[in-house]
Amino acid sequence: MSDYTTLLLDNHEGILTITINREKSLNSLNQQTLQDLKNILQEIDDDESVKGIILTGAGDKAFVAGADIKELAEVNQVNARGLAESGQEVFDIIERFSKPVIAAINGYTLGGGCELAMACHIRVATVASKFGLPEVSLGLIPGYGGTQRLTQLVGKGKAMEMILTGDIVTSDRALTFGLVNYLVPDPVALRQKCLDIMNKIISKAPMAISLAIDCINAVHTSGENGYQTEANSFGRLCGTDDFKEGTKAFIEKRTPTFTGK
Ligand code: CO8
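Residues numbered from 1 in each chain as written. Predicted model: local features only at pLDDT ≥ 70, side-chain atom pairs only at ≥ 80, totals over all residues. Heavy atoms only, no water.

S.K.: Can you tell me about the overall build of the protein, naming the residues and giving the values?
M.R.: Along the backbone of the protein there are 11 helices and 10 strands. In terms of C-alpha radius of gyration, the protein reaches 19 Å, essentially the compact-globule figure of 18 Å for 261 residues. Along the longest, intermediate and shortest principal axes, the C-alpha atoms of the protein span 60 × 40 × 35 Å. Counting only residues that meet the buried cut, the protein has 44% of its 261 residues in that class. Long-range contacts, defined as pairs at least 24 residues apart, comprise 69% of the intrachain contacts of the protein with a sequence gap of at least 6. (Helix = DSSP H or I, 4+ residues; strand = E, 2+ residues; numbered from the N terminus. Rg over C-alpha atoms; globule rule 2.2 N^0.38 Å. Buried < 20%, exposed > 50% of the residue type's maximum accessible area, 1.4 Å probe, protein only. Contact = heavy atoms within 4.5 Å.)

In structure tokens form, the structure reads like this:
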């Protein structure tokens with residue numbers, strides 16, 4: 001795997017942990033970080049040694065505290081739209097990634113950081129984590145898909161309140177809203193919970209996991225009929241070796257061995 005200046009990579013038994021490694025600026029997302037994220041995802045898409053991804057931030061203070069405000073301050077009306085779009089493209093790659101992506105949230109998860117976490121398939125957070133889309137305090141709105149994904153995850157009323165007030169909410173509130181799947185007491189429990197969920201997912205048939213992600217994303221894809229996507233995917237899966245193995249193993253009362261074929 002290539003080296004990335006803003007990321008730490010650790011592949012342990014098929015689970016690749018990607019750590020955004022800009023602790024001094026609370027792992028804020030500069031353009032280099034976004035480019036590195038895009039590149040690593042492209043690099044591992046077809047890499048059979050990677051079965052799932054845990055995305056986290058370095059240190060114990062922040063997952064990601066937003067876009068890099070120092071870089072953002074230089075943005076102007078001419079290039080801002082393009083920058084928002086290219087960031088959205090990276091987050092879209094994550095959301096549609098063929099392998100499961102879990103956000104391991106360890107502290108401040110603000111602005112672009114909250115948008116990044118929301119693009120992941122599952123979110124687990126420490127109780128000390130804090131969440132918010134405070135862009136209005138900077139005279140902005142979320143630009144990396146936050147208005148859309150927050151509304152999808154927590155509903156319009158709560159999304160309106162969080163984005164219009166810019167309030168930073170506690171992890172308890174985030175759990176109540178459905179913004180995170182689980183809360184855990186500390187970073188050690190965070191790692192373990194993410195591994196437990198990921199190990200469960202990657203023990204299943206890889207193509208079924210990948211197509212399930214596609215179908216769930218189809219709910220919010222304009223012009224796509226999700227029911228049709230589901231039926232098509234179901235049909236494809238019924239032709240796989242893993243389907244034959246899964247049903248055979250059930251009948252034979254044993255654990256299936258999936259090959260991804
Ligand atoms: N960008 C750059 N640097 C940051 C950021 C950030 N988002 N957040 C923190 N830092 C830096 C601080 O400047 C500080 O650096 P230094 O030591 O050199 O002064 C260091 O990290 C530590 O931060 P603090 O001293 O502020 O730590 P505190 O514990 O006092 O406060 C907070 C922690 C509350 C998280 C505080 O740092 C904060 O409010 N950060 C900004 C949060 C924020 O507003 N995020 C949203 C940014 S806007 C955004 O994400 C838009 C996304 C869409 C962009 C679309 C298109 C281009």
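S.K.: Which residues make up the pairing of strand β7 (residues 122–126), and what values do they have?
M.R.: Judged by how many residues are buried, β7 sits mostly within the fold: 5 of 5 residues are covered. Taken together, the 4 bridges between strand β5 (residues 101–105) and β7 define a ladder with parallel strand orientation. The partner of Ala103 across the bridge, within β7, is Arg123. Bridging between β7 and strand β10 (residues 182–184) involves 3 bridges; their strand directions are parallel. Across the sheet, the residue bridging to Val124 is Tyr182, located in β10. (Pairing = 2+ DSSP bridges.)

S.K.: Before we move on, can you summarise the packing of aromatic side chains with the specific residues and values?
M.R.: All chains considered together, the criterion is met by 1 aromatic pair. Geometry around Tyr182 places Lys193 over its ring, the cationic atom sitting 4.1 Å from the centre. (Phe/Tyr/Trp six-rings, centres within 6.5 Å; stacked < 30°, edge-to-face > 60°. Lys NZ or Arg CZ within 6 Å of the ring centre and 35° of its normal.)

S.K.: Can you lay out the side chain of Arg22 for me, pointing to particular residues and giving the numbers?
M.R.: Along the chain, Arg22 turns up in the loop between β2 (15–20) and α1 (31–44). You can call Arg22 buried: its relative accessible area is 17%. Reaching out from Arg22, the side chain makes a polar contact with the backbone oxygen of Ser28 at a distance of 2.8 Å. (Polar contact = N/O pair within 3.5 Å; in protein donor to acceptor, adjacent residues only side chain to side chain.)

S.K.: Pulling in residues and values, what's your account of the domain arrangement of the protein?
M.R.: Split into domains, the protein comes out as domain 1 (7–202) and domain 2 (206–251). In this structure, domain 1 and domain 2 have C-alpha centres spaced 26 Å apart. Residue-level contacts link 9 residues of domain 1 with 6 residues of domain 2. Here domain 1 packs against domain 2, burying approximately 640 Å² in sum over the two surfaces, 54% of which is carbon and sulfur. On the domain 1 side of the interface with domain 2, the three residues burying the most area are Arg96, Ser98 and Gln152, jointly 60% of the side's total. The tally of links from domain 1 across to domain 2 stands at 2 residue pairs in polar contact (both at pLDDT 80 or more). Of the residues contributing to the side of domain 1 that touches domain 2, the split by class is 3 nonpolar, 3 polar and 3 charged. (Domains from an automatic or database assignment. Buried area = accessible area lost by both parts, 1.4 Å probe. Nonpolar A, V, L, I, M, F, W, Y, C, P; charged D, E, K, R; others polar.)

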